[in-house]
Amino acid sequence: MINVATGCRHGCKFCYVPSTPAIDSRDEMLGEKAGVEDPQRDWGDYLLYRDDLPERVHEGLQNTDFEEEWKVTRRGRGVVMLSSGTDCYQDRRAAQITRGVIRELVEENIPVRVLSRSPNLTRDIDLFREADGLVAVGTSIPSFDASLVDALEPNAPSPMARWEALDELFRADVPRFVSFSPTYPTMDQDEIREALSWFAAIDPDVVFHEPMNPRGANFEMCLEATREAGYNDVAEELERIHDHDEWAKYAIEHIKLVREIAKEHFDRLHIHSWPDQKLIESATGEQEDLLNEIVRDVSPEVFASAGRF
Ligand code: SF4
């Protein structure tokens, strides 16, 4: 996993990154370098670029004994994810660093998964094509309700702009995926089916799916944002799922619903669900079996096997 910056200007209200050690343990550094007082509350207002990352990646790769040191998962994959803790194409400077890092990795025949909410990523379609199947590119679209998405992801481009970027990847025949994440608790069968039909139109290799999991400060921020935007129904649902059992019920329901709708109506769509560890731990009986089966499932993408492992 490589992050091209610390912080993320998109400032998604449900983002879990500020509560991870990558941010949580850097209070002092963020205060000194970016004047950040509260890394969670100020999430979206700060961004520290790692401009020298391509050089550092280059050096790291030169000094790596791949046979001995490179971590291959028990499924045999050796994929680098770019980026899960920030948006690697959120602006020109981040995109510049991202481009450099992808070049270094591809040079070493290492498969790369690129995830961004920014249509800026289409600028690098030539680079993705040159990678000859080693790079898979995707974007997160939780819903096509643009104003609700705007309330929860205040600085990110609209869902349709993201879909159009996917469409460009499709036309350029770049390996692509969708992250249907996080689906909101108010989304019903019709809304999920409509979103899946948009995804099916760009023929992705896989659709990753994850229900919402607002906890701690994220929960308060989601609640505040939806209320301010006049989405009282969403705020009510969020309050309901703040209770662990209600959340688990909704999360399982959404996981099943997305898989069932895809199976029934979009036979070319492969859904790869991402159940939260807490959900797996609290499940029993049939639900536990289903979640364990999901966890064992391997994404059908071929790009990962195009690399050196
Ligand atoms: S784009 Fe990703 S990293 Fe950035 S705020 Fe949103 S969820 Fe967090």
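Throughout what follows, the structure given in this document is the object of discussion. (Residues numbered from 1 in each chain as written. Predicted model: local features only at pLDDT ≥ 70, side-chain atom pairs only at ≥ 80, totals over all residues. Heavy atoms only, no water.)

1. As for the pairing of strand S7 (residues 206-211)
The element S7 is extensively covered by neighbouring structure, given that 5 of its 6 residues are classed as buried. Pairing of strand S6 (residues 176-183) with S7 involves 5 bridges; the strand directions are parallel. Within S7, the position partnered with Val 178 by the bridge is Val 207. As paired elements, S7 and strand S8 (residues 271-273) share 3 bridges and run parallel to each other. Across the sheet, Val 207 pairs through a bridge with Ile 271, a residue of S8. (Buried < 20%, exposed > 50% of the residue type's maximum accessible area, 1.4 Å probe, protein only. Helix = DSSP H or I, 4+ residues; strand = E, 2+ residues; numbered from the N terminus. Pairing = 2+ DSSP bridges.)

2. Observations regarding the site of the ligand
Taken together, Cys 8, His 10, Gly 11, Cys 12, Cys 15, Trp 43, Gly 85, Thr 86 and Arg 117 make up all the residues around the ligand. Considering only residue class, the shell around the ligand consists of 4 nonpolar, 4 polar and 1 charged. (Near = heavy atom within 4 Å. Nonpolar A, V, L, I, M, F, W, Y, C, P; charged D, E, K, R; others polar.)

3. What to know about the side chain of Asp 87
For Asp 87, the position within the fold is in the loop between strand S3 (80-82) and helix H5 (92-107). For Asp 87, the side chain forms a polar contact with the main-chain nitrogen of Tyr 89, separated by 2.9 Å. (Polar contact = N/O pair within 3.5 Å; in protein donor to acceptor, adjacent residues only side chain to side chain.)

4. Thoughts on the packing of helix H9 (residues 189-200) against helix H12 (residues 244-265)
The contact between H9 and H12 brings their axes to 10 Å, and the two run at 55°. In terms of axis orientation, H9 runs oblique to H12. Of the two elements, H9 crosses H12, and the hand of that crossing is right-handed. Note on element contacts: H12 touches H9 through His 254, Leu 257, Val 258, Ile 261, Ala 262 and His 265, opposite Gln 189, Ile 192, Arg 193 and Leu 196. (Axes fitted to C-alpha atoms, helices over the stretch in contact; angles between N-to-C directions. Parallel < 35°, antiparallel > 145°, perpendicular 65-115°, else oblique. Left-handed = near helix turned anticlockwise from the far one by under 90°. Contact = heavy atoms within 4.5 Å.)

5. Let's talk about the packing of aromatic side chains
Scanning the model with the defined rule gives 8 aromatic pairs in all. On the basis of an interplanar angle of 45° and a centroid distance of 5.9 Å, the ring pair of Phe 144 and Phe 199 is categorised as tilted. One end of the pair, Phe 144, is in the loop between strand S5 (135-140) and helix H7 (146-152); the other, Phe 199, is in helix H9, with 55 residues separating them in the sequence. A single burial state applies to Phe 144 and to Phe 199, both of which are buried. Clustering of aromatic rings is evident, with ring pairs tying together Phe 144, Trp 163, Phe 180, Trp 198 and Phe 199. When the ring centre of Phe 177 is taken as origin, the NZ or CZ atom of Arg 113, which lies over that ring, is 4.9 Å away. (Phe/Tyr/Trp six-rings, centres within 6.5 Å; stacked < 30°, edge-to-face > 60°. Lys NZ or Arg CZ within 6 Å of the ring centre and 35° of its normal.)

6. Considering H12
For H12, which comprises 22 residues, the first-to-last C-alpha distance of 31 Å matches the rise-based estimate of 32 Å (1.5 Å per residue) to within 8%. Within H12, burial applies to Trp 247, Ala 248, Tyr 250, Ala 251, Ile 252, His 254, Ile 255, Leu 257, Val 258, Ile 261 and Ala 262. Near the N-terminus of H12, the side chain that reaches the backbone nitrogen of Asp 245, with its oxygen 3.2 Å away, is that of Asp 243. (Expected span 1.5 Å × (residues − 1).)

7. So, the sheet that holds S8
Read from one edge to the other, the open sheet built from 6 strands follows the order S3-S4-S5-S6-S7-S8, with strand pairing classed as parallel. Strands at the two margins of the open sheet, each flanked by one partner only, are S3 and S8. Across the sheet, the mean angle from the axis of one strand to that of its neighbour is 25°, orientation sign disregarded. The strands touched by H9 are S6, S7 and S8; relative to S6, the strand with the most contacts, the crossing angle is about 165°.

8. Concerning the packing of H12 against helix H14 (residues 285-296)
Close contact between H12 and H14 brings their axes to 12 Å; oriented N to C, the two are set at 60°. With respect to H14, the axis of H12 lies oblique. Relative to H14, H12 is oriented so that their crossing is left-handed. Between H12 and H14, the contacting residues are Ile 252, Ile 255, Lys 256 and Arg 259 on the first element and Gln 287, Leu 290, Leu 291 and Ile 294 on the second.

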